[in-house]
Amino acid sequence: MARGLPQISMPPLIDRTLLRGRVPPITRFHHLECDPPPSLNTSMSLGPNNHKPSTVSVFKITKNQLNTLKAKSWEYGNKTNYNTYTILAAYIWRCATKVRGLSYDQPTKLNMPINGRPRLHPPLPSTYVGNAVFAASLIALSGNLQSEPFLNTLERVHGTLKRMNNEYLRSTLDYLETLPDITTVRRKPDTYQCPNLNINKWTRLSTYDADFGWGRPIYMGPANVVHEGKIYILSSPIDDGSLSLVACLQTAHMKLFEKHLYEGLKSFDNIKARY
């Protein structure tokens, strides 16, 4: 409107009752995403995680590298067409688990924020203003993630995301309504830190279409990632099919993470070449 463009034809909708719990509440599932995260085994811990320095790095994943990962997901006659996020989340989780030096009996929790708008029935109106972000979570042992075939990890992630349907999300809302103190499940800085991980997909945000009067953005990303264990997946500003990972990990783990991230892709590519 400030630029003299036509006024908004679809007024924004602010109606929080659309995400209200049912009466009476019906909690049908165990909501793992609301449970406290696994803590680091005492034998592995050299002190509080929040006192260990962390750093933020950006890693580019090219279109060819993404295709390599996708080809790996079709091994052993698998017919499931996993989406890019599922494949990347499984691969990143395995890489992070290895570089953190976790003991084989260490539980690690993966948190995946998902958009509840299209998963709810009826879906939230396209003009709804506000967050409808739910968390999909799963736990696995470090030893399993480091030793099992990549396809097994893919199935873990895929199954968790597939479970996030209308009934599960409604059960989540009902569960939150029943809590006497909702702050007990509020996410904190230690929710995602080692040995756990949060992988956030920003590839569908239309931020590169935002024009505030001086043209298309040349870069978009989080201004700062302050919590160790958080990783963002960003789309390319030039539509070349590549993606960027903005990762916040302990400083001692970051170089190894970069090594495993890219060397793993090379080894997958060698496997693909032999087929």
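Anything mentioned here points back to the structure above.
Residues numbered from 1 in each chain as written. Predicted model: local features only at pLDDT ≥ 70, side-chain atom pairs only at ≥ 80, totals over all residues. Heavy atoms only, no water.

Peer 1: Let's hear about the overall build of the chain: which residues, and what values?
Peer 2: Within the chain one finds 6 helices and 6 strands. Secondary structure elements of the chain occur, N-terminal to C-terminal, as β-α-α-β-β-α-α-α-β-β-β-α. The C-alpha atoms of the chain give 20 Å as radius of gyration, which agrees with the globular expectation for 275 residues (19 Å, within 12%). Counting only residues that meet the buried cut, the chain has 43% of its 275 residues in that class. (Helix = DSSP H or I, 4+ residues; strand = E, 2+ residues; numbered from the N terminus. Rg over C-alpha atoms; globule rule 2.2 N^0.38 Å. Buried < 20%, exposed > 50% of the residue type's maximum accessible area, 1.4 Å probe, protein only.)

Peer 1: So what's going on with helix α2 (residues 84-99)? Which residues, and what values?
Peer 2: End to end, α2 covers 23 Å across 16 residues, agreeing with the expected 22 Å (1.5 Å per residue, within 8%). Structurally, the start of α2 carries an N-cap: the backbone nitrogen of Y85 is 3.3 Å from a side-chain oxygen of N83. G101 lies just past α2 and shows a positive phi near 65°. (Expected span 1.5 Å × (residues − 1). Polar contact = N/O pair within 3.5 Å; in protein donor to acceptor, adjacent residues only side chain to side chain.)

Peer 1: Provide a residue-level description of the packing of aromatic side chains, including the pertinent values.
Peer 2: Overall, the coordinates contain 6 aromatic pairs when judged by the stated rule. Between F29 and Y168 the ring centres are 5.1 Å apart and the planes differ by 45°, which places this aromatic pair in the tilted class. On the criterion of sequence distance, the pair formed by F29 in the segment before β1 (54-61) and Y168 in helix α5 (residues 166-178) is long-range, its members being 139 residues apart. For F29, a relative accessible area of 33% gives the class partly exposed. Considering the side-chain rings of Y91 and F150, the 6.3 Å spacing of their centres and the 90° angle between planes classify their relative orientation as edge-to-face. Placement of the pair is Y91 in helix α2 and F150 in helix α4 (residues 150-162), with a sequence separation of 59 residues. When its relative accessible area of 4% is taken as the criterion, F150 is described as buried. What links up through ring pairs into an aromatic cluster is the set F59, F257 and Y262. (Phe/Tyr/Trp six-rings, centres within 6.5 Å; stacked < 30°, edge-to-face > 60°.)

Peer 1: Outline the nonpolar core, listing residues and values.
Peer 2: M112, L197 and F257 are the most contacted members of the largest nonpolar core, which has 50 residues in total. The dominant element in this core, judged by the number of residues it contributes, is α2, at 11 residues. Apart from residues lying up to four places away in sequence, L197 is in contact with I92, W93, A96, R100, K109, L110, N111, Y192, G229, I231 and L249. In this structure, M220, Y232, V246 and C248 belong to the second largest nonpolar core, which totals 7 residues. (Core = buried A, V, L, I, M, F, W, Y, C linked by side-chain atoms within 4.5 Å. Contact = heavy atoms within 4.5 Å.)

These figures come from the coordinates and say nothing about function on their own.
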